[in-house]
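One-letter residues, chain by chain:
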Amino acid sequence: MIGWIFLAGTVIATVFAQLAFKKFHLVHHKFYLVAAITLFCLVVPCTYLAVRQLGIGRVYIGAALAYVITPLAACKAFGEELTRSQMAALGLILAGVITYNL
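Please read all numbers here as calculations on a predicted model, not as lab measurements. (Residues numbered from 1 in each chain as written. Predicted model: local features only at pLDDT ≥ 70, side-chain atom pairs only at ≥ 80, totals over all residues. Heavy atoms only, no water.)

(A) Local environment of the nonpolar core. Counting 8 residues, the largest nonpolar core is built from Leu-7, Val-11, Val-15, Leu-19, Ala-50, Val-59, Ala-66 and Ala-74. Mapped by element, the contributors of at least two residues to this core are α1 (2-27) and α4 (66-78). In terms of residues, this core owes the most to one element, α1, which gives 4 residues. Filtering out sequence-adjacent residues up to four positions away, Ala-66 remains in contact with Val-11, Thr-14, Val-15 and Pro-71. (Core = buried A, V, L, I, M, F, W, Y, C linked by side-chain atoms within 4.5 Å. Buried < 20%, exposed > 50% of the residue type's maximum accessible area, 1.4 Å probe, protein only. Helix = DSSP H or I, 4+ residues; strand = E, 2+ residues; numbered from the N terminus. Contact = heavy atoms within 4.5 Å.)

This is how it looks when you write it as structure tokens:
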């Protein structure tokens, strides 16, 4: 159970780090750069601890959820729009993660 919590921490920290980095490039405020770097640094121990509990394969595939959540969060946070092909790609990634973990 603790491994899943660390995997969730990996995914969440990755998503928020990417959003903070994008925000930094939009507004050029150092707070967002520091937040992004801090969150990216948090990803490393979370990933390590998740791998110890769940194994590299499961964590590697589970971490792919960041590639699904980040664009969806960017839509909400920055008003970005996703094309049909991007939505299809996100669906395929999600299907792969679910299939691997069944």
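(B) Inspection of the layout of surface pockets at higher detail. Taken as a whole, the largest pocket holds about 230 Å³ of empty space. Along its surface, the largest pocket is lined by Thr-10, Thr-14, Gln-18, Thr-47, Ile-56, Val-59, Tyr-60, Ala-63, Ala-64, Ala-66 and Tyr-67. Sorting the residues of the lining of the largest pocket by element identifies α1, α3 (56-62) and α4 as the ones contributing at least two each. Class assignment for the residues of the lining of the largest pocket results in 7 nonpolar, 4 polar and no charged. (1 Å grid on protein atoms, 1.4 Å probe; cavity = no way out; pocket = protein on both sides within 12 Å on 5 of 7 lines; lining within 4 Å. Points joined across faces, edges and corners; volume = space filled by probe spheres on them. Nonpolar A, V, L, I, M, F, W, Y, C, P; charged D, E, K, R; others polar.)

(C) Seen up close, the packing of α1 against helix α2 (residues 30-54). With their axes 7 Å apart at the nearest point, α1 and α2 run at an angle of 160° to one another. Considering their axes alone, α1 and α2 lie roughly antiparallel with respect to each other. Remark: the crossing between α1 and α2 carries left-handed chirality. (Axes fitted to C-alpha atoms, helices over the stretch in contact; angles between N-to-C directions. Parallel < 35°, antiparallel > 145°, perpendicular 65-115°, else oblique. Left-handed = near helix turned anticlockwise from the far one by under 90°.)

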